[in-house]
Amino acid sequence: MQKINKKVFIILIAIVLILIFFLIFMLLNNKDKSKGKYDFYYTYVNDDNLITQTVTVYDKFDKVQSNYFIFYKDEIVTLTKGEKAVLTINTLDLKDKPEMVIIFENDDKKYSLGPKE
């Protein structure tokens, strides 16, 4: 009778340890997503005309943003009403992966913006 209780006890301890490790893993994984150097990230695509680049801005949870102004060195480089902004390469070439700032249309707060890796 005691052998069965010891087996059940060992199995319960193993299940509890597995659950604890799983919860720790989930918490650490969520913290990594919410951390980052920037509040927002961008990706860009060189357009077929070789003059412009299309920029898409994401928050740190990979949600596409819209209705914002993009600043570079305290100057507006583009604005958008939708989800994608268009930059001319003469104004700012994104292949150098510069850090920029965005301001949303109905918000005065500035947010850091860097390239998505």
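Structural notes, computed from the coordinates. (Residues numbered from 1 in each chain as written. Predicted model: local features only at pLDDT ≥ 70, side-chain atom pairs only at ≥ 80, totals over all residues. Heavy atoms only, no water.)

1. Observations concerning the overall build of the protein
Here is step 1: When helices and strands are counted, the protein shows 1 helix and 7 strands.
Here is step 2: The order of helices and strands in the protein, counted from the N terminus, is α-β-β-β-β-β-β-β.
Here is step 3: Radius of gyration (C-alpha) of the protein: 24 Å, far over the 13 Å computed for a compact globule of 117 residues.
Here is step 4: Reported as C-alpha extents along the three principal axes, the dimensions of the protein are approximately 80 × 35 × 20 Å.
Here is step 5: Evaluated residue by residue, the protein yields a buried proportion of 28% over its 117 residues. (Helix = DSSP H or I, 4+ residues; strand = E, 2+ residues; numbered from the N terminus. Rg over C-alpha atoms; globule rule 2.2 N^0.38 Å. Buried < 20%, exposed > 50% of the residue type's maximum accessible area, 1.4 Å probe, protein only.)

2. Description of the sheet that holds strand β4 (residues 75-80)
Here is step 1: Ordered in space as β4-β3-β6-β7-β1-β2-β5, the 7 strands form an open sheet in which the pairing is mixed. Here the strands that pair on one side only, and so sit at the sheet edges, are β4 and β5 (84-88). Averaged over all neighbouring strand pairs, the angle between strand axes comes to 35 degrees, with direction disregarded.
Here is step 2: Here strand β6 (residues 100-104) pairs with strand β7 (residues 111-115) via 3 bridges, running antiparallel. Within β7, the position partnered with Val101 by the bridge is Ser112. (Pairing = 2+ DSSP bridges. Axes fitted to C-alpha atoms, helices over the stretch in contact; angles between N-to-C directions.)

3. Comments concerning the packing of aromatic side chains
Here is step 1: Enumeration over the complete set of coordinates arrives at 5 aromatic pairs.
Here is step 2: Their ring planes at 80 degrees and their centres at 5.2 Å tell us that Phe40 and Tyr111 sit as a pair that is edge-to-face. Taken together, the residues span a long stretch of sequence, with Phe40 in strand β1 (residues 40-46) and Tyr111 in strand β7 at a distance of 71 residues.
Here is step 3: According to the relative accessible area criterion, Phe40 is buried, its value standing at 9%.
Here is step 4: Note on Tyr68 and Phe104: the rings are 6.4 Å apart at their centroids and 85 degrees apart in plane angle, and the pair reads as edge-to-face. (Phe/Tyr/Trp six-rings, centres within 6.5 Å; stacked < 30°, edge-to-face > 60°.)

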